[in-house]
Amino acid sequence: MPVTRRAFSCRSLALAAFLPLGLAACAQSEASVSPFSEPERADTSALGKDPRLLVMTTRRSTGNATPYFNTDRGPLTFAETRLSPPGRGISGRVSSAVSGDWEVLGISRETTGDAAARAFSDAVNGRDVLLYIHGFNETFETAARSAGQLSHSLEFQGRTALFTWPSGGKLFDYAYDRESALWSRDGFVQTLQALVANPTVGRIHIVAHSMGTFLTLEGLRELRDSQDVYARIGSVVLASPDVDIDAFEQTVKRLGPLAQRMTVIIDPGDRALAVSARIAGGVARAGAADRSRLEALGVRVADTSGRGWSMLRHDLFLSNSEVTQVVRRAMDRGG
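Let us look at the structure shown here. In this convention, every chain numbers its residues from 1, walking through the sequence in written order. Given that this is a predicted model, residues contribute local features only at a pLDDT of at least 70 and side-chain atom pairs are listed and counted only at 80 or more, while totals for whole chains, interfaces and linings are drawn from all residues. In computing side-chain properties, one takes all heavy atoms of the structure into account and sets aside hydrogens as well as water.

What counts as a helix is a DSSP run of H or I of at least four residues, what counts as a strand is a run of E of at least two, and both are numbered from the N terminus. Each residue after the first adds 1.5 Å to the expected span of a helix. Taking 1.5 Å as the rise per residue, helix α7 (residues 185-197) with 13 residues should run 18 Å; its terminal C-alpha atoms sit 18 Å apart, in good agreement. Categorising residues by exposure relies on relative accessible area from a 1.4 Å probe, with only protein chains included: less than 20% of the type maximum marks a residue as buried, more than 50% marks it as exposed, and the intermediate range marks it as partly exposed. Three or more residues of α7 are buried, namely Gly187, Phe188, Val189, Thr191, Leu192, Ala194, Leu195 and Val196.

Further remarks concern the packing of helix α4 (residues 116-124) against α7. Look at α4 against α7: their axes get within 8 Å of each other, and the N-to-C directions meet at 45°. One element, α4, and the other, α7, form an angle in the oblique class. Viewed along their axes, α4 and α7 form a crossing whose handedness is right-handed. Contacts between α4 and α7 involve Ala117, Arg118, Phe120, Ser121 and Val124 from the former and Gln190, Thr191, Ala194 and Leu195 from the latter. Lys, Arg, Asp and Glu make up the charged group, whereas Ala, Val, Leu, Ile, Met, Phe, Trp, Tyr, Cys and Pro make up the nonpolar group; the residues left over, Gly among them, are polar. Residues of the contact of α4 with α7, tallied by class, amount to 5 nonpolar, 3 polar and 1 charged. In this analysis an axis means a line fitted to C-alpha atoms, helices contributing only their contacting stretch, and an angle means the value between N-to-C directions, from 0 to 180 degrees. Throughout this description, any angle smaller than 35 degrees is read as roughly parallel, any larger than 145 degrees as roughly antiparallel, any in the 65 to 115 degree range as roughly perpendicular, and the remainder as oblique. Take the far helix as your reference; a near helix turned counterclockwise from it by less than a right angle gives a left-handed crossing, and one turned clockwise gives a right-handed crossing. The criterion used for residue contact is that any of the two residues' heavy atoms lie within 4.5 Å.

By salt bridge we mean one thing: a side-chain nitrogen of Lys or Arg within 4 Å of a carboxyl oxygen of Asp or Glu. The final tally for this structure, using the stated rule, is 10 salt bridges. Among the ionic pairs, arginine 52 bridges to glutamate 80, the shortest N-O distance being 3.6 Å. With arginine 52 in strand β1 (residues 52-61) and glutamate 80 in strand β2 (residues 69-84), the pair connects residues that are 28 residues apart, well separated along the chain. In this structure arginine 52 comes out as partly exposed when scored by relative accessible area, which is 32%. Glutamate 295 is the partner of arginine 291 in a salt bridge, and the nearest nitrogen-oxygen pair spans 2.9 Å. One end of the pair is arginine 291 and the other is glutamate 295, both in helix α12 (residues 291-295) and 4 residues apart, which spans about a single turn. Overall, arginine 291 belongs to the partly exposed group, its relative accessible area being 29%. Overall, the relative accessible area of 21% leaves glutamate 295 in the partly exposed class. Salt bridges sharing common partners tie together Asp50, Arg52, Glu80 and Arg109.

What follows covers the sheet that holds strand β8 (residues 262-266). Two strands make a pair as long as DSSP finds a minimum of two bridges between them. Read from one edge of the open sheet, 9 strands run β3-β2-β1-β5-β4-β6-β7-β8-β9, paired in mixed fashion. The open sheet has two free edges, formed respectively by β3 (103-112) and β9 (300-303), since each of these has just one partner strand. The mean inter-strand angle of the sheet, taken between neighbouring strand axes irrespective of direction, is 20°. Two elements, strand β4 (residues 129-133) and strand β6 (residues 204-209), share 5 bridges in a ladder whose sense is parallel. Within the sheet, the bridge partner assigned to tyrosine 132 lies in β6 and is valine 207.

Structural data, given as structure tokens:
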């Protein structure tokens, strides 16, 4: 059975308890007006009306049978994934925020190899695209559910897509996950290039979480001389970036004007990043870094300290509606 976010939180807390640091250790600012104050929109997401998630992946396929894509590294593949959306109305929205109750029903289309990126670009079909890149310890199914939940919470009206890389899906696979994320950089670059090659595609909004921000920044850095790619990107949201703060500074400085379209969601109390920092030899992660140090890079910063409730405080952009507004505001600016 796939690991739920709630189970992940409990297991991560157990792991942190046995580490020396314990639980206390795993441009322009967002504006003087609180970024958490916008009311929710009344409309529903396009994904809720047509629950087909576009997927680009470097995981190996298992065919149209669970887990659909496993933890092994494979060729770049495009797939259309059928999802079961959460219930309509207030109760369904609350349930989605709490448990992420989207469900993967199966794969309706799959293209591998040189044609994958082109098939993905064609499937966007002249609309804006929300591209979600997941973080550490995620299976294909948990990542797909998170992408659905994010799109639903944002009530996004374009096409929603997931770039999923071969995470081991286990707490002790941190090293494997980091190497797999880096190994997937070429596939991520091809994905962005294919979107830009299709002139009918609108704005590209990127939302990356945790270790997925490492992959995203590596890909964007490789594309720094591709001004046509940068011009089509509407916004880049980095939620709880699990990136060495020194490396983060070095990379963002090389992204030029794109940094002004970046929003970084941070929380100094993020326990998952405290554990990551411990694993990395004590170097702070960008998602728990000093706000002023990040703002000096020209990015917008939203500090979620004191907002919402979460055991790890690592995925509030998915679980807390106030923090989700930060993502929405970034996309509205980039539109």
